[in-house]
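Given next are the chains, with one letter for each unit.
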Amino acid sequence: MVALDGPSGTGKTTVARKLAARLDAGYLDTGAMYRLVALAVLRSGTDPADAAAVAGVARAARLDVGTSPGRPHARLDGEDVGAEIRGAAVTTAVSPVSAVPEVRELLVAEQRRIIAEVLAGTAGIVVEGRDIGTVVAPDAALKVFLTASAEVRASRRGAQDTAAGRGTGAEAARAAVDRRDHLDSTRAASPMRAAEDAVVVDTSDLSIDQVIVALGELAGRRG
Ligand code: C5P
C-alpha cells in the first residue's frame, strides 16, 4: 500500500490515480469522502461550524467513493455528486467539517474498512489524503508526502479551477489555498503533517510523469 499525503496543488490526485493504474492497484481519495460530508452538511442547512450537528449529518450520510483509478465516482445517498463536491461552496466548508473529531473517527474507520477490502482482492492500493501515513495507515509500506512552493500550488489550483469553468483568478486561488492549508495543518484532530518515515517529494519543478517514475521506483523497492 502507498500512503500519499500533502496539501492541494501538489499534483497529488493526478499522481495517485496514475500511480495506482501503473501498479495495477486500487485507489482511494479520502478528500472526496470529507467533501461528501461537507456537501451533506450544506444541503441540510447545517452550520459547518456547529460540530455536534455536523457529526449528526456525517453519521446519517451514505458515502460511496469508487476505488478504481480509471473512473473514480463520488455518491452521496446514491446520487452522483462528483462535480458538485469540487465546487467553491464545498471547498470552503470542507476544512471546518473535517476538523470535527467525530467526523474524522467515522471516516477513518470507513477508510480502513475500504482499504482492507481492496487489499483482500488486489495487488495493492494507493490512498491519498492528509493523514494517511500518520493516522489511517501508519503501517503502509511506502509513505510519501508531496509538497510544492506556495506560488506553484496556487497557480496549479487556479489553472484547475479555470479548466473546470470555476475561474476565480490567481489572487483568489492563492488565498483559498493558503486558508485551507492553514486550517488543515493547525487543527487539533490529526493535523496534516508528514509522517516521520515519509519520503518528502518537492514537486515544484517536476512534471507529473517525473513524480510518477520516482514513486513507481520507490513502490517497486518497498512493495
Ligand atoms: O484532497 P482534497 O483537497 O479533496 O481534500 C479536501 C479537504 O478534506 C482538505 O482540505 C482537508 O480539510 C480534508 N481532508 C482531511 N483528511 C484527509 C483528506 C482530506 O482532513 N485524509
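No experiment lies behind these values; they were computed from the predicted model shown.

**Let's talk about the confidence of the model for the protein**
Here comes step 1: In the predicted model, the protein carries a mean pLDDT of 92, and 98% of its residues have values of at least 70.
Here comes step 2: Across the predicted assembly, pTM comes out at 0.94 and ipTM at 0.99.

**Some details on the site of the ligand**
Here comes step 1: Close contacts around the ligand come from 16 residues, with Arg35, Arg104, Asp131, Arg180 and Asp184 the closest.
Here comes step 2: Take arginine 35: an N or O atom from its side chain is 2.7 Å from an oxygen atom of the ligand.
Here comes step 3: Arginine 104 is positioned with one of its side-chain polar atoms (N or O) 2.8 Å from an oxygen atom of the ligand.
Here comes step 4: About the coverage of the ligand: the protein hides 97% of its 460 Å² of free accessible area.
Here comes step 5: Those elements that place two or more of their residues in the shell around the ligand are helix H2 (30–43), helix H4 (88–98) and helix H8 (170–186).
Here comes step 6: Here the element with the most residues in the shell around the ligand is H2; it accounts for four residues.
Here comes step 7: Grouping the constituent residues of the shell around the ligand by class yields two nonpolar, five polar and nine charged.

**Considerations on unusual backbone geometry**
Note: most peptide bonds trans; most residues except glycine with negative phi.
Here comes step 1: A positive phi angle is found at aspartate 24, which is not glycine, with a value near 60°.
Here comes step 2: Tracing the sequence through the fold places aspartate 24 in the loop between helix H1 (12–23) and strand E2 (26–29).
Here comes step 3: Of note in this structure, aspartate 77 is not a glycine but carries a positive phi near 50°.
Here comes step 4: With respect to the helices and strands, the residue aspartate 77 is situated in the loop between strand E4 (74–76) and strand E5 (79–80).
Here comes step 5: The partly exposed category is assigned to aspartate 77, whose relative accessible area is 43%.

**Some remarks on H4**
Here comes step 1: Burial in H4 covers these residues: Val90, Thr91, Ala93, Val94, Ser95, Val97 and Ser98.
Here comes step 2: On its buried face, H4 is in contact with H2, helix H3 (51–60), helix H5 (101–121) and H8.

**A short note on the sheet that holds strand E8 (residues 199–202)**
Here comes step 1: In spatial order, the strands read E2-E6-E1-E7-E8; together these five strands make up an open sheet with parallel pairing. Each edge of the open sheet carries a strand with a single partner, namely E2 and E8. Here the strands of the sheet are splayed against their neighbours by 20° on average, with no regard to which way each runs.
Here comes step 2: Two strands pair when backbone bridges link them, and strand E7 (residues 142–147) and E8 are joined in this way by four bridges, in the parallel orientation. Directly across from valine 144, in E8, lies its bridge partner valine 199.
Here comes step 3: Sheet strands in contact with H1 are strand E1 (2–5), E2, strand E6 (125–129) and E7, and its direction is about 175° off that of E6.
Here comes step 4: Against the sheet, H2 makes contact with E2 and E6, and its axis sits at roughly 40° relative to E2, the strand it touches most.

Criteria and thresholds
Residues numbered from 1 in each chain as written. Predicted model: local features only at pLDDT ≥ 70, side-chain atom pairs only at ≥ 80, totals over all residues. Heavy atoms only, no water. pLDDT = per-residue confidence, 0-100. Near = heavy atom within 4 Å. Polar contact = N/O pair within 3.5 Å; in protein donor to acceptor, adjacent residues only side chain to side chain. Areas by Shrake-Rupley, 256 points an atom, 1.4 Å probe, with all protein chains shown as cover. Helix = DSSP H or I, 4+ residues; strand = E, 2+ residues; numbered from the N terminus. Nonpolar A, V, L, I, M, F, W, Y, C, P; charged D, E, K, R; others polar. Buried < 20%, exposed > 50% of the residue type's maximum accessible area, 1.4 Å probe, protein only. Contact = heavy atoms within 4.5 Å. Pairing = 2+ DSSP bridges. Axes fitted to C-alpha atoms, helices over the stretch in contact; angles between N-to-C directions.

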